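# Commentary on secondary and tertiary structure
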Amino acid sequence: MSRVTTELDFFGLEKKQTNNVPKPKFKKFLDRRRSFRDIQGAISKINPEIIKSLLASGANHADSSTISPSVPSTPKADHPQIPISPVQAPLTMQTEHSSGTVPMTIFYNGTVSVYQVSPNQADDILKVVMETAPKKDKSIVKDHSVIPPTTLRTKLFGKNLEGDLPIQRTRSLQRFLEKRKERLVSISPYFPTSG
Amino acid sequence: PKLLLSTLLIPSSTHTHATSSSSPHAPPIVIPILDFDLLSVCLMTMEDPDIKKCRLSSVTVDDVIEQVMPYITDPKDRDSASLVCRRWFEIDSETREHVTMALCYTSTPDRLSRRFPNLRSIKLKGKPRAAMFNLIPENWGGFVTPWVNEVASSLPRLKSVHFRRMIVSDLDLDVLAKARLDELEALKLDKCSGFSTDGLFSIVKHCRKMKTLLMEESSFVEKDGNWLHELALHNTSLEVLNFYMTEFAKINAKDLESIARNCRSLVSVKIGDFEMLELVGFFKAATNLEEFCGGSFNEEIGRPEKYMNLTFPPKLCCLGLSYMGPNEMPILFPFAAQIRKLDLIYALLATEDHCTLIQKCPNLEVLETRNVIGDRGLEVLGQCCKKLKRLRIERGEDEQGMEDEEGLVSQRGLVALAQGCQELEYMAVYVSDITNESLESIGTYLKNLCDFRLVLLDQEERITDLPLDNGVRSLLIGCKKLRRFAFYLRQGGLTDVGLSYIGQYSPNVRWMLLGYVGESDEGLMEFSRGCPKLQKLEMRGCCFSERAIAAAVLKIPSLRYLWVQGYRASTTGQDLRLMSRPYWNIELIPARKVPEVNQLGEVREMEHPAHILAYYSLAGERTDCPPTVKVLREA
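Looking at an unreviewed UniProt entry, one finds chain B named Coronatine-insensitive 1 and attributed to Brassica oleracea var. oleracea.

Under an unreviewed UniProt entry, chain A has the name Protein TIFY and belongs to Brassica napus. UniProt lists a comment for chain A under the heading Function (unreviewed entry), and it reads "Repressor of jasmonate responses."

Below, the structure written as structure tokens:
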């Protein structure tokens, strides 16, 4: 079965095509990671009608009606995928799950993310987006198999709630977490130096 | 009298107050609160007419106290005893074996040696606790030099030295080594900095009978691995070797193995990152080893059995294997039932792995891990580990994409833990969500809790149940033995009423760390009306004014140490002088901009808000401050 997805350029990416200076792979990976943090704010800019139409057409559309012909500026091959990452579905062959979930693709700021989403879950995303104050939606948060809670965490952009006085870690714990990150990245199948 | 003493030795764990009845032979004396009933029994027996007949006529109370005093080891008891009279003060001075100075600037080296010339062991702390969290300038102070020089000149019986969060140079180590030689049995450089492996070499070369050598979490310059080699060549007494959380790269596994072979009493070894397979020889040789932490697992694709044949010494019961993942975990299963202490903070286990492992460790008494244990892991802990005494749950990774799934602890886990592990004495936990009810259950079930620390992480914008006023009150009322308490929340986490509860219901608490609590100066004033035994107070991110802080300090009777970061500064910066008083040192670390490297490798200037540090001292104002530290001089 061929892949059926509708790709919509929510944010007019073709205008924001990043320049072609190749970034270090790790940095690109980090950009992508950082983008999750901003997604909450980003989603709030999406026209809900677009999401609705995406979901409505999700199960039965015939061809990809791409508004923007732009290719995601982070090519798939450079997408380091982390074993624990919520986004595990490779961007190539995707089949519709029997549970009725379909891929939902979000383009944001030069990066691409794909989630398997059921219409109910997408509705929930919609609800979150449409409410004036961002709120954590518990029904989504509990479904670990599809949408990781962290992407919907209602955290303020870049800032934590304490402003100047973030909760600090001890040095040894910080060092350990850095080493852990190196290990996670290096065992990713997309990292060129790993087995 | 000695015979009398030995037959009457009755240890008592409760404090008693005893008075002797008046009689012509023994003047009435009030015996201060002592841990042992021994003294009171002795003195009362001397009153006993039957025993009087057989006692030696020349025995006096002073002779008795000379015999008894060495058995009194609790410093508070010694403190009380030393206040009775001049003679008792002298006897305490001559026989005191150990002193801990919570802050090395509270007195001077010569005062220490003059009062306690026969010290066997000292523990000195330097930098504020906040230094462990990178908040204090590296060169803040806490130099061991004057203390080491005093040891060399005036403490001839010293065997054990413990420096915590202090600055130690190679010269200091050399002076200490040459002064104490084989008499030095224990050296702990605990979260210290400023030395190199040359200094370690000097210690090991001159002090051949070392039993304990610790450098945990210290930072130093590594020039070579000679110090360890020297230890391997000449030491047969070593019992504890600890360089956990250090970055030694030039040490040799063969030396570790030699040490294990030569030191039959070696029971505890903690090292830094070191490939586990290179330690096979070490493990074989260390037949009496009970505790091991550190090492490193490095999985290889295509070699799943790489670590399967690792065997451990037969008595091993305290363990923390760095980078241990679910594939390596099964090597613990054969002896999991005897494991008493487990350090999983630096392991790579998921929630499910925690559940699997914990279920196999019914004798677990101490667990340290990250919040990846999750509520589910805490439920398993509550079901399976009834002997648990100490639990530490650290904050795991929260960078998006890098975090552990299910890696959150909330009220659900806390309730299960409280109901299941009722022997808990120490509990430190970073939670992502919390309710009053969960704090109440801690108060209901954890009657042995002496040390409770809770930090509410800042990831979630909405917390289920704030403020925590009622919960914290129930917890404090229920946990009657609480002596150390940390409560680190966020704005809205605790009202002024809640803060007043903390003051009101903590009769035994000696140390507190309060973060983002209260709403206004009113709350702090109410708080300060309580805390009768509070000696050390740390506050961060609170909204209190300088004036209120100064006023509160003056009201808390036992307070001898204050640290604050994040407060409402006065326009003049002089309101702190409201707490000026004799022997009270007040220091400021004004707000600074510090260049730091963030997660993306970028160098940014980070704002560090101002700190206040204030403490009682007999040493006068500091004279060794770096430029970042300002002493508030007498006006």
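## So, the UniProt feature "domain: COI1 F-box" (unreviewed entry) in chain B
Look at the UniProt record and you will see "domain: COI1 F-box" (unreviewed entry) annotated at residues 60-98 of chain B. End C-alpha atoms of residues 60-98 of chain B are separated by 27 Å, and the span's content is 67% helix alongside 3% strand.

## Observations regarding the side chain of T351(B)
Residue and element names in this part refer to chain B. Positionally, T351 belongs in helix 14 (residues 351-359). Among the polar contacts made by the side chain of T351, one reaches the main-chain carbonyl oxygen of V372 at a distance of 2.7 Å. In contact with T351, not counting residues within four places along its chain, are V372, I373, G374, R376, G377, E405 and E406.

## Examining the packing of aromatic side chains
Residue and element names in this part refer to chain B. Across all of its chains, the model carries 20 aromatic pairs over all chains by this definition. Ring geometry for Y244 against Y346: centres 5.9 Å apart, planes inclined by 90 degrees, an arrangement best described as edge-to-face. With Y244 in the loop between strand 10 (240-242) and helix 12 (253-262) and Y346 in the loop between strand 14 (341-343) and helix 14, this residue pair connects regions lying 102 residues apart in the sequence. Its relative accessible area of 4% is what places Y244 among the buried residues. Take Y346: its relative accessible area is 8%, and that puts it in the buried class. Taking 6.0 Å as the distance between ring centres and 65 degrees as the angle between the ring planes, the aromatic pair formed by Y488 and Y516 counts as edge-to-face. Here the residue Y488 occupies a position in strand 19 (residues 484-488), and Y516 occupies one in the loop between strand 20 (511-515) and helix 20 (521-528), the gap between them amounting to 28 residues. In terms of burial, Y488 and Y516 fall into one category: buried. Here the aromatic residues F195, F220, W227, F243 and F248 are joined through ring pairs into a cluster of three or more. Positioned above the aromatic ring of F333 is the side chain of K360, whose terminal nitrogen or guanidinium carbon lies 4.5 Å from the ring centre.

## Structural notes on unusual backbone geometry
All names here are of chain B. The omega torsion across L466 and P467 is 0 degrees, close enough to zero to call that bond cis. Looking at the secondary structure, you find P467 in the loop between strand 18 (451-456) and helix 18 (469-478). A positive phi angle is found at Y323, which is not glycine, with a value near 60 degrees. On the basis of relative accessible area, Y323 is assigned to the buried category, the value being 5%. Not every positive phi belongs to a glycine, and Y516 is a case in point at roughly 50 degrees.

Criteria and thresholds
Residues numbered from 1 in each chain as written. Chains lettered and ligands numbered in written order. Predicted model: local features only at pLDDT ≥ 70, side-chain atom pairs only at ≥ 80, totals over all residues. Heavy atoms only, no water. UniProt positions renumbered as here; feature names shortened; annotations may be inferred. Helix = DSSP H or I, 4+ residues; strand = E, 2+ residues; numbered from the N terminus. Polar contact = N/O pair within 3.5 Å; in protein donor to acceptor, adjacent residues only side chain to side chain. Contact = heavy atoms within 4.5 Å. Phe/Tyr/Trp six-rings, centres within 6.5 Å; stacked < 30°, edge-to-face > 60°. Buried < 20%, exposed > 50% of the residue type's maximum accessible area, 1.4 Å probe, protein only. Lys NZ or Arg CZ within 6 Å of the ring centre and 35° of its normal.

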